[in-house]
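One letter stands for each residue in the lines below.
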Amino acid sequence: MPASRPIASLLSLLALLLVMPSCQQEPAESNMEDTVTEAPPKLVKTGPETSFQVLNADGQNIPNVKIYETVSAASGSVYQFSRGEGNFNFEAGPKYKLRSEGYHDLEFTIDGMDHLTRVVFYLWRSEASHEGLSVSGQVRASNFRMFQGVQVACGGEQIISGDDGAFFFQPVLDEEGSKPLPLAYTWPITASEQGELRLELLNRPDFPVRLDVYLDTETVLAPKQKATN
C-alpha cells in the first residue's frame with residue numbers, strides 16, 4: 001500500500017534519533033582559585049619577661065592558675081602555673097585571661113611592658129558577695145619601694161599616688177557597660193620623657209579588682225632623712 005511508505009520512513013527516522021549519542025554542553029572551567037587553609041601565625045614574643053604572682057583577697061597565694069593568651073579568633077595559647085606565680089612575656093595586642101577554679105576570671109590587655117618588671121594580681125572568689133566594681137592597688141618601683149607621684153587614671157578619673165603608692169577608684173560604668181575599662185599609669189623618667197603603662201579590663205567585673213605594679217625606673221626619691229641634733 002502506498003500510504004505505508006511514509007509511515008515506514010518516519011519510524012526509521014525516529015529509530016536513528018534514538019541511537020544517536022546525545023550532545024551535552026561541557027561545563028565551563030571554573031575561574032575560582034583553590035582555597036588553601038594555612039595555620040594562623042604564632043605570636044612572636046618580643047617583650048621582656050615579667051614576674052607575676054596571683055593572690056586572693058586575703059593576700060594568700062592561689063595555686064593552679066591558667067593564663068589564656070588570645071591572639072585572634074583562630075589562634076591562642078594556654079599556660080598553666082601550678083604555684084600561681086612565675087615569669088611571663090606579656091605582649092601588646094593579645095587578650096589575656098587569668099583563671100583559677102573557684103575565682104572570677106580577670107580579662108585584660110596590656111601595653112607598655114618595657115617599664116613593667118613585676119605585677120601582682122588579686123582574684124575575687126566566685127562565691128563571695130558582689131560588692132560592685134572597684135579598682136585599686138599599689139605602685140612600686142623595681143626595688144620594691146613605694147612609688148609616689150605616679151599619675152593613675154581610670155574611667156575618666158585621675159589621682160596621684162601618695163606616700164604609700166596606693167590608688168583606689170570606683171568607676172561609674174556607662175549604660176551599656178560593655179566597653180573595656182582603661183587603667184593607665186604615667187610617670188616622669190627624665191625631664192623630657194615619660195613612662196606609660198596601660199591596661200584595659202575587658203570583662204567589666206562587678207567585683208573588686210586589685211593589682212600591684214612594679215615599674216622599672218630610677219626616679220623614685222630617696223626617703224626623707226630624720227633631722228639630727
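Residues numbered from 1 in each chain as written. Predicted model: local features only at pLDDT ≥ 70, side-chain atom pairs only at ≥ 80, totals over all residues. Heavy atoms only, no water.

1. Overview of the environment of S100
- Within the fold, S100 resides in the loop between strand 5 (95-99) and strand 6 (106-111).
- Note: C-alpha distance between S100 and I67 (33 residues apart in sequence) is 9.1 Å.
- Beyond its immediate chain neighbours, meaning those up to four positions away, S100 contacts I62, P63, N64, V65 and L123. (Helix = DSSP H or I, 4+ residues; strand = E, 2+ residues; numbered from the N terminus. Contact = heavy atoms within 4.5 Å.)

2. Quick notes on the environment of A92
- With respect to the helices and strands, the residue A92 is situated in the loop between strand 4 (85-88) and strand 5.
- A relative accessible area of 42% means that A92 is categorised as partly exposed.
- As a C-alpha pair, A92 and D111 span 19 residues in sequence and 4.8 Å in three-dimensional space.
- What A92 contacts, discounting residues up to four positions off in sequence, is I110, D111 and M113. (Buried < 20%, exposed > 50% of the residue type's maximum accessible area, 1.4 Å probe, protein only.)

3. Focus: the confidence of the model for the protein chain
- Per-residue pLDDT for the protein chain has a mean of 79; in total, 72% of the residues score no lower than 70.
- Per-element averaging of pLDDT across the protein chain places helix 1 (residues 4-19) at the bottom with 51 and strand 5 at the top with 96.
- Segment residues 220-229 is flagged for pLDDT under 50; beyond a separation of four residues in sequence, or across chains, it makes seven contacts in the model. (pLDDT = per-residue confidence, 0-100.)

4. Comments concerning the sheet that holds strand 10 (residues 157-160)
- Reading across from one edge, 3-2-5-6-13-12-9-10 is the order of the eight strands in this open sheet, with antiparallel pairing throughout. Of all strands in the sheet, those bounded by a partner on one side alone are strand 3 (75-81) and strand 10. Neighbouring strand axes in the sheet, compared pairwise and without regard to direction, differ in orientation by 20 degrees on average.
- Pairing of strand 5 with strand 6 involves three bridges; the strand directions are antiparallel. Residue pairing in the sheet places Y96 in a bridge with F108 of strand 6. (Pairing = 2+ DSSP bridges. Axes fitted to C-alpha atoms, helices over the stretch in contact; angles between N-to-C directions.)

5. A short note on the sheet that holds strand 7 (residues 116-123)
- Taken in spatial order, the six strands line up as 4-1-7-14-8-11 in an open sheet, and their pairing is mixed. Looking along the sheet, the strands with just one partner apiece sit at the ends: strand 4 and strand 11 (166-169). Across this sheet, the average inter-strand angle for adjacent strands is 20 degrees, counted without regard to direction.
- Taken together, the four bridges between strand 1 (residues 50-56) and strand 4 define a ladder with antiparallel strand orientation. Its bridge partner being in strand 4, T50 is matched across the sheet by F88.

6. A short note on the nonpolar core
- By size, the foremost hydrophobic cluster in this structure holds 41 residues, and its most contacted members are F108 and Y185.
- Excluding anything up to four places from it in sequence, Y185 contacts V139, V150, Q151, V152, F167, G195, E196, L197, L199, L211 and V213. (Core = buried A, V, L, I, M, F, W, Y, C linked by side-chain atoms within 4.5 Å.)

7. Some thoughts on the pairing of strand 7
- Counting buried residues in strand 7 gives seven out of eight residues, a clear majority hidden from the surface.
- Bridge count between strand 1 and strand 7: six bridges; the pairing is parallel. Note on strand 7: the bridge partner recorded for N56 is L123.
- Relative to strand 14 (residues 208-215), strand 7 is paired through six bridges, and the arrangement is antiparallel. Bridge pairing links V119 to V213 in strand 14.

8. Topic: unusual backbone geometry
- Phi at N64 is positive, roughly 55 degrees, even though this residue is not glycine.
- With respect to the secondary-structure elements, N64 resides in the loop between strand 1 and strand 2 (65-72).
- One non-glycine residue, F144, lies in positive phi territory at about 75 degrees.
- You can see F144 is positioned in the loop between strand 8 (134-141) and strand 9 (151-154).
- Residue F144 is classed as partly exposed on the basis of its relative accessible area of 48%.

9. Concerning the packing of aromatic side chains
- Going through the model one piece at a time under the given rule, you end up with 13 aromatic pairs.
- Look at Y96 and F108: their rings are 5.8 Å apart centre to centre, the planes differ by 25 degrees, and that puts the pair in the stacked class. Here the residue Y96 occupies a position in strand 5, and F108 occupies one in strand 6, the gap between them amounting to twelve residues.
- We classify Y96 as buried; its relative accessible area is 1%.
- According to the relative accessible area criterion, F108 is buried, its value standing at 1%.
- Pairing F167 with F169 gives two aromatic rings, centres 6.2 Å apart and planes at 50 degrees, and the pair type is tilted. Residue F167 shares its accessibility class with F169, and that shared class is buried.
- Taken together, the ring pairs in this structure connect F52, Y79, F81, F88, F90, Y96, F108 and F121 into an aromatic cluster.
- The ring of Y214 has R118 lying over it, and the distance from NZ or CZ to the ring centre is 5.6 Å. (Phe/Tyr/Trp six-rings, centres within 6.5 Å; stacked < 30°, edge-to-face > 60°. Lys NZ or Arg CZ within 6 Å of the ring centre and 35° of its normal.)

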